[in-house]
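Below are the chains, spelled out letter by letter.
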Amino acid sequence: MGLLHALPLVLFAKCVLSSTVVPHESISNAPSGFRASGSPPPTQEIKLFIALVQSNITGLAKVVDAVSSPSSPSYGQYLTAAEVAQYVKPAAASVSTVMDWVTPNVASVKPFSPAGDILQVSLTVEQAEGLFNTKFSTYTRSADGQEMIRALNYSLPSTVQQHILHVHPIIAFTPPPQRTSKNTVYKRKAIPDRRQLAPCEDIVRPVCIQEFYGIPNTTISGSLTNSIGVQGYNSPGLGEYANNDDLATFLNEFRPDIAGNTFSVTLLNGAQNLQDNSGGLEGQIDIQYTVGVAGDVPTTYLLDGSNTDAATSYMDTINWLLTQEDPPTVFTTSYGNLETDLTQSAATSVCNGYMQLAAIGISMIFASGDGGAANNQQSQCTSFVPMFPPTCPYVTSVGGTFFQPPTAFSSSSGGFSNYFPVPTYQATDTSAYLESIGDENSGFYNPNGRGFPDVASEWEIFIVNAGGVTSVGGTSCASPIFASFIALVNDRLIVAGKPVLGFLNPLLYSTGKGGLDDVTVGESSGCGATSGWPATTGWDPVTGLGTPDFPGMIKALGI
Ligand SMILES: *[C@@H]1O[C@H](CO)[C@@H](O)[C@H](O)[C@H]1NC(C)=O
Ligand SMILES: *[C@@H]1O[C@H](CO)[C@@H](O)[C@H](O)[C@H]1NC(C)=O
Ligand SMILES: *[C@@H]1O[C@H](CO)[C@@H](O)[C@H](O)[C@H]1NC(C)=O
């Protein structure tokens, strides 16, 4: 009896083993800072994401160009999320082939993305080693002792491989999203007399931003669907939330005309909206400079409690936005990672997610980072280090500047992607810049990569934290300010009966240049003997195309 039952199983196993297995992805070593510390228990359960081939991603890219380019006849004619799903949902044959292969070998499998192009599987280490023909190890990150179960390579059956883009995170040692802000704290726990605050040439408050960028106090459309989303991360290492009392104090002090305005909170993955004083400054900055600058635009704080790798965290937000009935029209994120923190395949998957958000008309805005051209990688000064998501061609990234005189913030991150080629909308501008600097920094960057940041704004501001006025700095201050500018432009478009701006870059690099003030002074820091990037006339990888000019943008849009 037992023997009879066992026989077909053995034959089946042999049959699977003899089908051709093809190497799919590999790295030669774990990244520096990790060491292999043993083998994980074979019965330990792990979670993996299988990205399937999307049915028409090149078609979706064309649609995004068409709906985002001011010269196109379909400018502003955004798709619904359901229409977008048709472009990314995998072919029926991909789904059935992959499901037939994984289902008998995993504890559970379910769609992770709304279109089903990414599957989430739970399985034991032993099952994963069989499916992916690899050997897992436990790796420990020396910086914080964090353990990850990873392998250096994996293979797929030849019959399955053509349906799969990649499996994550087998070979990806990606940390969670990181705060970009330096958050230099100058003063704490004291509300100074208003007259003692430095005037606008140094550290600024909302009235300075309104004055210098010509940003109006409040909305005039009264639209409640024109909203700003703000990303927060609340994982153990990043105990962020925005304090309601501090926002109230901030508005009383700096925006008495909108005192009493608040924001809504959405909690993902077990995030906690603690209202004590244990949080970091990021949530305070991001909420105070959206609620406090985009007067009356409804603001939603999306607080994610997961402590997983950044690629999965970014996808969580993309999936959330794709499933909202009325998603925010503008979304700001002051977190980021080194581009090399993500594998190229995972970064591409996430970036294709931002392409989907572009198609439905959301402006995704990211701080460019605070590490200068080399992102503080001083010890290995052989090449500059770009930041992701800013290098994704479907997001808008924001560098830092001072107001008076308009000068680049030297820690503003910027440069050129090693993963994403230069997109058409900026190719003329990036090549003009590279021509202007000649062979400066050559060998330190990819001259054919997507250039970032796209734009810039003020980087050093006053916030209220723990009841007192505090001065903070970084591109994480610049991103919410730029997002507020766009939300108020959207308000004026709504009044004029026009669609909101959606994915900004094709506009910003063409007719929208009139809505930005070029910053031509200053430079970013480099590493070793290199001097980073100089700001120049036109686009540069420190301040992008420049800072907000609200009246100029209204004029450029013809409203
Ligand atoms: C892919 O999308 C483009 C743009 O909408 C469309 O023209 C093309 O026919 C689509 N291709 C397929 C195979 O569906
Ligand atoms: C896969 O990684 C293992 C170490 O885990 C190594 O021994 C093996 O040579 C690698 N195979 C390939 C094809 O890279
Ligand atoms: C606009 O906001 C500033 C504060 O930033 C305030 O001083 C001014 O009174 C407001 N204007 C109106 C018309 O409410």
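Residues numbered from 1 in each chain as written. Chains lettered and ligands numbered in written order. Predicted model: local features only at pLDDT ≥ 70, side-chain atom pairs only at ≥ 80, totals over all residues. Heavy atoms only, no water.

Peer 1: What should I look at first to understand the site of ligand 3 in this one?
Peer 2: Close contacts around ligand 3 come from V207, Q210, N217, F254, R255 and D257, and that covers them all. In the model, an oxygen atom of ligand 3 is placed 2.5 Å from a nitrogen or oxygen of the Q210 side chain. Here an oxygen atom of ligand 3 and a side-chain polar atom of N217 are 2.5 Å apart. (Near = heavy atom within 4 Å. Polar contact = N/O pair within 3.5 Å; in protein donor to acceptor, adjacent residues only side chain to side chain.)

Peer 1: So what exactly am I meant to see when it comes to the nonpolar core here?
Peer 2: Nonpolar side chains tend to gather and get buried jointly when the protein is soluble and globular. Residues Y354 and Y394 are the most contacted members of the largest nonpolar core, which totals 127 residues. Ranked by residue count, the leading element in this core is helix 13 (residues 475–495), at 11 residues. Residues lining this core come from more than one domain, with at least three contributed by each of domain 1 (2–54 + 89–168) and domain 2 (178–183 + 218–556). For Y354, the contacting residues outside a window of four places in its chain are Y314, I318, M364, F366, P389, C392, Y394 and V395. (Core = buried A, V, L, I, M, F, W, Y, C linked by side-chain atoms within 4.5 Å. Buried < 20%, exposed > 50% of the residue type's maximum accessible area, 1.4 Å probe, protein only. Helix = DSSP H or I, 4+ residues; strand = E, 2+ residues; numbered from the N terminus. Domains from an automatic or database assignment. Contact = heavy atoms within 4.5 Å.)

Peer 1: Is there a simple way to think about the pairing of strand 15 (residues 335–338) in this case?
Peer 2: Consecutive side chains along a regular strand alternate between the two faces of the sheet. Relative to strand 15, strand 10 (residues 178–179) is paired through 2 bridges, and the arrangement is antiparallel. Of the residues in strand 15, the one forming a bridge with Q178 is G336. For strand 15 and strand 17 (residues 387–388), the ladder comprises 2 bridges, and the chain directions are antiparallel. From the neighbouring strand, L338 faces strand 17, where its bridge partner is M387. (Pairing = 2+ DSSP bridges.)

Peer 1: Whenever I open this one, the packing of aromatic side chains confuses me. Can you help?
Peer 2: How two aromatic rings sit relative to each other is set out by the distance from centre to centre and by the angle between their planes. Within the structure shown, the criterion is met by 29 aromatic pairs. Consider the rings of F384 and F444, whose centres lie 5.2 Å apart with planes at 50°: the pair is tilted. With F384 in the loop between strand 16 (363–367) and strand 17 and F444 in the loop between helix 12 (424–437) and strand 21 (449–452), this pair connects stretches of sequence that are 60 residues apart. Aromatic side chains F485 and F550 sit 6.4 Å apart centroid to centroid with 70° between the ring planes, which places their arrangement in the edge-to-face category. Within this pair, whereas F485 is found in helix 13, its partner F550 is found in helix 15 (residues 550–556), the two being separated by 65 residues in sequence. Each member of the pair, F485 as well as F550, is classed as buried. (Phe/Tyr/Trp six-rings, centres within 6.5 Å; stacked < 30°, edge-to-face > 60°.)

Peer 1: Whenever I open this one, the state of the cysteines confuses me. Can you help?
Peer 2: The final tally for this structure, using the stated rule, is 3 disulfides. For C351, the disulfide goes to C392, at an S-S distance of 2.1 Å. Around the S-S axis, the bridge from C351 to C392 shows a dihedral of about 80° and counts as right-handed. Of this pair, C351 sits in helix 11 (residues 344–359) while C392 sits in the loop between strand 17 and strand 18 (396–402), and the two are 41 residues apart along the sequence. Note on cysteine connectivity: C381 is disulfide-linked to C527, with sulfurs 2.1 Å apart. (Disulfide = S-S within 2.5 Å.)

Peer 1: Which parts of the structure should I look at to understand empty space enclosed by the protein?
Peer 2: Over the atoms rolls a probe the size of a water molecule, and its path tells where empty space is left. A full pass over the atoms with the stated rule returns 4 cavities of 30 Å³ or more. Here the largest cavity is characterised by a volume of approximately 100 Å³. Every residue along the wall of the largest cavity is listed here: F49, A51, F112, I118, H166, H168, A311, T312, M315, A346, S349 and V350. Elements represented by at least two residues in the lining of the largest cavity include exactly strand 3 (45–52), strand 9 (164–168), helix 10 (310–322) and helix 11. Looking at the lining of the largest cavity residue by residue, the classes come out as 8 nonpolar, 4 polar and no charged. When its volume is computed, the second largest cavity comes out at roughly 60 Å³. Surrounding the second largest cavity, A51, L52, Q54, D117, I118, L165, M315, S349, N352 and Q356 form its lining. When contributions to the lining of the second largest cavity are tallied by element, the ones reaching two or more residues are strand 3 and helix 11. (1 Å grid on protein atoms, 1.4 Å probe; cavity = no way out; pocket = protein on both sides within 12 Å on 5 of 7 lines; lining within 4 Å. Points joined across faces, edges and corners; volume = space filled by probe spheres on them. Nonpolar A, V, L, I, M, F, W, Y, C, P; charged D, E, K, R; others polar.)

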